[in-house]
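Descriptive structure summary
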Amino acid sequence: MMTIKTSNNLNLLALLACLLLPFLATAQDFDNIEITTTPVRDNIYMLQGSGGNIGVSIGNDGTLIVDDQFAPLTNKIAAAIAELTDRPVNIVVNSHFHYDHTDGNENFGRAGAYIVAHDNSRKRMESTQVLAGSGRVQEAYDTVGLPKITFFDSMRFYFNGNAVDIVKTGNGHTDGDAQIYFREANVIHTGDMFVRYGLPFIDQSNGGTMDGMIDALMNIGSLIDDDTIIIPGHGQLSSRDDLLDYRAMLVVIRGKLVRAKVLSLSPGEMLESQPADGYAPPNENTNGWLLRAYEEYTGQ
Ligand SMILES: [Zn+2]
């Protein structure tokens, strides 16, 4: 009897530990995150910590940031910005609605910043969303964290000496992606339409499509030139060539998926043909990505 009880208690403890550890680990992670600042060009900087890259424009008109990472990092992000300027953040542009780019919205909104995003991104932030692949649930934001200014096709700010074009180039990563192009500085923040890790996340559950991403990347490539510095959604500063290489990878993989469809390959047979060979390791993540992309073409 005693033994059973102890074992039950131990099981309970183990269960509690399993439930609590992820939260402790998360809190710990944010404690240990440092925000690094990289000068990009002129008065534009990139901040990196955890989550999407942050673009910063400083000057006489105030401080505009593109994306704001995770809420627990807001103070660190504000401190990193304070090293550059004494003007508070008055505009936050969201490249899209995903939490790793917008979780700081409520903090910055409460502090008085205007939040700007594509209208579809605002709509998604108004209610609970489930992301493709991971199935991660993103809760709705309070009104203070929602974009007050939205656009549909494009809009332009004149801010800190730049014409800042905020454009939608396609339904790629989601259905509400914005690219933010600082014309005079010739710097663009692409959000997650372009990232520096293997296969890009395409959020099919929230309007993202592979065809849309491929088209959007060509549109971005047409907008910029060889001198443009790209702040990608994640990863290091890049060039137009990097963006076009990345697009070429997607075109090759799409070609193989479409070929598999023409051959009426089952999803399993498609995986065996290794459409991402040479671009991504043949593991569970790659397979999940390929299955979701294949579904876009087969409707299976
Ligand atoms: Zn994203």
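Scroll up a little and you will see the structure.
What you are looking at is a predicted structure, and each value in this text was computed from that prediction instead of being measured. (Residues numbered from 1 in each chain as written. Predicted model: local features only at pLDDT ≥ 70, side-chain atom pairs only at ≥ 80, totals over all residues. Heavy atoms only, no water.)

Section: the nonpolar core
Just so we agree on the cut-off: We call a set of buried residues a nonpolar core when its members are Ala, Val, Leu, Ile, Met, Phe, Trp, Tyr or Cys and they connect through side-chain atoms within 4.5 Å of each other. Whether a residue is buried, partly exposed or exposed follows from its accessible area with a 1.4 Å probe, protein chains only, as a fraction of its type maximum: under 20%, in between, or over 50%, in that order. Helix and strand labels come from DSSP, where a helix needs a run of H or I of at least four residues and a strand needs a run of E of at least two; each type is numbered from the N terminus. Where each domain starts and ends follows an automatic or database-derived domain assignment. What makes two residues a contact is simply this: any of their non-hydrogen atoms within 4.5 Å.
Judged by nonpolar contacts, the single largest core of 31 residues is most densely connected at Met 210, Leu 217, Tyr 246, Leu 250, Ile 253, Leu 257 and Trp 289. The set of elements that each furnish at least two residues to this core consists of α6 (210–223), α7 (240–262) and α9 (284–298). The element that contributes the greatest number of residues to this core is α7, accounting for 7 residues. Taken together, domain 1 (31–238) and domain 2 (249–300) each give at least three residues to this core, which thus spans both. Beyond its immediate stretch of four places on either side in the chain, Tyr 246 contacts Met 193, Phe 194, Val 195, Gly 198, Pro 200, Met 213 and Leu 217. Grouped together as the second largest cluster of nonpolar side chains are 28 residues, Phe 30, Ala 80, Ile 115 and Tyr 141 included.

Some remarks on the pattern of salt bridges
Put simply, the test is: Basic side-chain nitrogens of Lys or Arg form a salt bridge, by our definition, when they fall within 4 Å of a carboxyl oxygen of Asp or Glu.
For the coordinates displayed, the defined rule picks out 8 salt bridges. Across the pair Arg 122 and Glu 126 runs a salt bridge whose closest N-O atoms are separated by 2.7 Å. The exposure class assigned to Glu 126 is partly exposed, which follows from its relative accessible area of 40%. One salt bridge connects Arg 156 with Asp 165, and the closest N-O pair in it is separated by 2.6 Å.

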